[in-house]
Amino acid sequence: MPKEQRIRVEVDGQSLELSNLDKVLYPAAGFTKGEIINYYTQVASVLLPHLRDRALTRIRFPNGVNGQSFFEKNKPGGTPDWVRVETLPVPGSTKDRETIDYVVADDLPTLVWLANLAALELHTPQWRIGEHPDLMVVDLDPGAPAGLRECCAVAVLMRDRLAEDGLTALPKTSGKKGMQLSCPIAGDQPAEEVSAYAHRIAEELERASPRTITSKMTKRLRPGKVFIDWSQNSAAKTTVAPYSLRAQATPTVSTPLTWEEVEAGAARAFTPRRCWSGWRSTATCLRRCSHPGRRCPPSK
């Protein structure tokens, strides 16, 4: 068995040990752990605002996307003392029940440390620590043969309906087959009320377009329709962060979109640009991130 390769680096004043940078975690694309670390380093300035002050759930793939994976909420063993950890009640439970020591990714060293642990997917709740939800999120999940083009059409309907209530919706791909809309909200309502509102709007749109939209979770009702998943606003739910990688056969990214792209039905799966010169290179960037800030869903 080959000896594990380790190197010591300094990231923004913190010392980290990185391991096995040549290990391939996306076999179909030959995409390595080093390239994953490089990708997250390059998009940190637009990704971190979406992670800051939010309890982080990671999906780790230590042996790549074809191997076993696991959800991780608790801080892992060996967490450096400079990583921010918040002990919080389990979402959706009372404060007297179980707590979790959540990692909070507020800075680049933490992001690099997580990437080195093969935490490919980064998911956050719709609330910041100690606050009510400040985002309302709806997931648009197409049932085959419906796809991203059909999601775009439903996203426009949802945007226009939410605008009637004074809400601004900002779109992104899920990085898989669907889309998500994020709406900044006042942060003065509990998750149950936010979820109930999203459910009500989803049902309203279903009544208006029953051939193309469903608000029901029953999977047998979804073929050819777009399911508006209003349940993403539950206190126990998380949503993949903008710019997070997804564990597909090839690396895809949950990518913010413009409404011009959505109206044109031009949403597609976006991938990180390959880095041919090693993980230290600054060459890796999201393929469409010349001006990423203008495309960002709300991060506050």
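Up top is the structure these notes are about.
Residues numbered from 1 in each chain as written. Predicted model: local features only at pLDDT ≥ 70, side-chain atom pairs only at ≥ 80, totals over all residues. Heavy atoms only, no water.

S.K.: Honestly, the environment of Lys23 in this entry has me stumped. Any pointers?
M.R.: As for its position among the elements, Lys23 is in the loop between β2 (14-19) and β3 (24-26). According to the relative accessible area criterion, Lys23 is partly exposed, its value standing at 30%. (Helix = DSSP H or I, 4+ residues; strand = E, 2+ residues; numbered from the N terminus. Buried < 20%, exposed > 50% of the residue type's maximum accessible area, 1.4 Å probe, protein only.)

S.K.: Where do I start with the environment of Thr41 in this structure?
M.R.: Tracing the sequence through the fold places Thr41 in helix α1 (residues 33-42). Exposure remark for Thr41: the relative accessible area of 28% places this residue in the partly exposed category. As a C-alpha pair, Thr41 and Ala115 span 74 residues in sequence and 9.2 Å in three-dimensional space. Apart from residues lying up to four places away in sequence, Thr41 is in contact with Leu108 and Val112. (Contact = heavy atoms within 4.5 Å.)

S.K.: Where do I start with the packing of aromatic side chains in this structure?
M.R.: The geometry of an aromatic ring pair is captured by the separation of the ring centres together with the interplanar angle, meaning the angle of the planes. Scanning the entire structure with this criterion turns up two aromatic pairs. The cationic tip of Arg159 hangs over the ring face of Trp259; the distance from NZ or CZ to the ring centre is 4.7 Å. (Phe/Tyr/Trp six-rings, centres within 6.5 Å; stacked < 30°, edge-to-face > 60°. Lys NZ or Arg CZ within 6 Å of the ring centre and 35° of its normal.)

S.K.: Whenever I open this one, the side chain of Thr124 confuses me. Can you help?
M.R.: Structurally, Thr124 is set in strand β9 (residues 119-124). Ignoring any residue separated from it by four or fewer positions in sequence, one finds Thr124 in contact with His50, Leu51, Arg54, Ala55, Leu56, Thr238 and Thr239.

S.K.: Explanation requested: the pattern of salt bridges in the structure shown.
M.R.: Opposite charge on two side chains permits pairing when their charged atoms draw close. For the structure shown, the criterion picks out 18 salt bridges. In this structure, Glu86 engages Arg84 in a salt bridge whose closest nitrogen and oxygen atoms are separated by 3.1 Å. Using a relative accessible area of 26% as the deciding quantity, one classes Arg84 as partly exposed. Arg159 is the partner of Glu263 in a salt bridge, and the nearest nitrogen-oxygen pair spans 2.8 Å. Of the two residues, Glu263 sits in helix α6 (residues 259-263) while Arg159 sits in helix α4 (residues 148-164), which places them 104 residues apart along the sequence. (Salt bridge = Lys/Arg side-chain N within 4 Å of Asp/Glu carboxyl O.)

Shape descriptors only; they carry no functional weight alone.
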